[in-house]
Amino acid sequence: MEENARWKLIAVFKLVIVVLLFVVTGLFLFNWQKKSKLTTAKIGFAGLIGQTNGAILTIPYQQTLYKYFGATIDPKVTLPVKTIYGYKDFEFLIDSGAVVSALPQTLASDLGVSLEELPRITIEGFAGQKTFAYRGEFVIKIGKEEVVIPVVFSENPNSSNILGRIGFFEQFNVNFDANNQTIIITKKGS
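Since we're looking at a predicted model, the values are computed, not measured. (Residues numbered from 1 in each chain as written. Predicted model: local features only at pLDDT ≥ 70, side-chain atom pairs only at ≥ 80, totals over all residues. Heavy atoms only, no water.)

Enquirer: How should I be thinking about the nonpolar core in this particular structure?
Expert: For soluble globular proteins, nonpolar side chains are generally found buried alongside one another. Counting 31 residues, the largest nonpolar core has Phe92, Phe138, Phe153 and Ile185 as the members making the most contacts within it. Among the secondary structure elements, those contributing two or more residues to this core are β1 (55-60), β4 (76-83), β5 (86-94), β8 (130-142), β9 (145-154), α2 (165-169), β11 (172-177) and β12 (182-187). Non-local contacts of Phe138, meaning those with residues more than four positions away in its chain, are made with Val81, Phe92, Ser101, Leu103, Leu111, Val147, Val148, Ile149, Pro150 and Val151. (Core = buried A, V, L, I, M, F, W, Y, C linked by side-chain atoms within 4.5 Å. Buried < 20%, exposed > 50% of the residue type's maximum accessible area, 1.4 Å probe, protein only. Helix = DSSP H or I, 4+ residues; strand = E, 2+ residues; numbered from the N terminus. Contact = heavy atoms within 4.5 Å.)

Enquirer: Would you take a moment to explain the sheet that holds β12 for this structure?
Expert: Backbone-to-backbone hydrogen bonds pair the strands of a sheet. The strands run either parallel or antiparallel. Spatially, the three strands line up as an open sheet ordered β1-β12-β11, and their pairing is antiparallel. Edge strands, defined here as strands with exactly one partner in the open sheet, are β1 and β11. Between one strand axis and the next, the sheet turns through 20° on average, direction left out of account. One ladder, built from five bridges, connects β1 with β12; its direction is antiparallel. Bridge pairing in β12 places Leu57 opposite Ile185. (Pairing = 2+ DSSP bridges. Axes fitted to C-alpha atoms, helices over the stretch in contact; angles between N-to-C directions.)

Enquirer: Hey, could you run me through the packing of aromatic side chains in this one?
Expert: For the structure on display, the rule yields four aromatic pairs. Aromatic side chains Phe90 and Phe92 sit 6.4 Å apart centroid to centroid with 35° between the ring planes, which places their arrangement in the tilted category. Relative accessible area serves as the criterion here: at 1%, Phe92 is assigned to the buried category. Ring plane angle 35° and centroid distance 5.2 Å describe the contact between Phe168 and Phe172, whose orientation is recorded as tilted. Each member of the pair Phe168 and Phe172 is classed as buried. (Phe/Tyr/Trp six-rings, centres within 6.5 Å; stacked < 30°, edge-to-face > 60°.)

Enquirer: Sorry if this is basic, but what is going on with the environment of Lys76 here?
Expert: For Lys76, the position within the fold is in strand β4. In this structure, the C-alpha to C-alpha distance between Lys76 and Leu93, residues 17 residues apart in sequence, is 4.5 Å.

Enquirer: What is the right way to read the pairing of β9 from this model?
Expert: In this sheet, β9 lies alongside strand β6 (residues 101-104) in parallel orientation, the contact comprising four bridges. Paired with Pro104 across the two strands is Ser154, which belongs to β9. Here 10 bridges tie β8 to β9, and the two strands are oriented antiparallel to one another. The residue of β9 that forms the bridge with Val139 is Val148.

Enquirer: Sorry, what's going on with the pattern of salt bridges here?
Expert: Should the charged atoms of two oppositely charged side chains come close, the side chains can pair. Under the criterion given, the structure shown has three salt bridges. Here Asp74 makes a salt bridge to Lys76, at a shortest N to O gap of 3.9 Å. Classification of Lys76 as partly exposed rests on a relative accessible area of 26%. Glu146 is paired through a salt bridge with Lys82; the nearest N and O atoms lie 3.6 Å apart. Here Lys82 lies in strand β4 and Glu146 lies in strand β9, a separation of 64 residues in the sequence. Its relative accessible area of 42% is what places Glu146 among the partly exposed residues. (Salt bridge = Lys/Arg side-chain N within 4 Å of Asp/Glu carboxyl O.)

Given below as structure tokens:
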């Protein structure tokens with residue numbers, strides 16, 4: 001009887017080991033797959049090298065559901081921005097209708113910018129809505145290159161992070177590829 005109990009204990013032990021191996025392997029594969037999807041779904045300027053067709057960045061379309069218009073693409077990109085704490089990722093709306101890039105004034109101190117030293121101007125937004133802003137600049141990192149972009153720091157508390165034409169569109173081509181549902185950014189002249 002003692003020998004039979006010992007073999008049962010060994011069999012249970014082997015079964016537990018096999019189950020644990022399956023669980024660990026499954027968790028590893030799930031985590032690996034999750035990281036792979038995350039890498040392809042959220043792309044920033046950090047992964048510039050190795051893009052095809054001269055692209056320095058390829059961004060998959062992001063869909064947003066609007067109450068009156070349904071699902072549509074939001075051309076957003078995540079960029080490393082130089083702050084007083086080092087580089088920090090910021091999400092921007094790529095807006096060819098915006099003359100200049102814009103950030104809320106609340107971010108100025110994190111970027112090491114003193115609003116008191118900047119000229120205060122009036123800017124006009126959607127449907128002629130006017131607000132005050134401070135004209136300055138900020139630095140984004142594209143690959144290993146730092147790029148200085150003109151910006152207005154808006155007093156509007158609801159303002160978004162926007163990449164506009166002056167500075168960004170002057171240096172980069174932005175192509176909306178509807179067939180592949182991607183936004184392709186290339187350096188001008190390449």
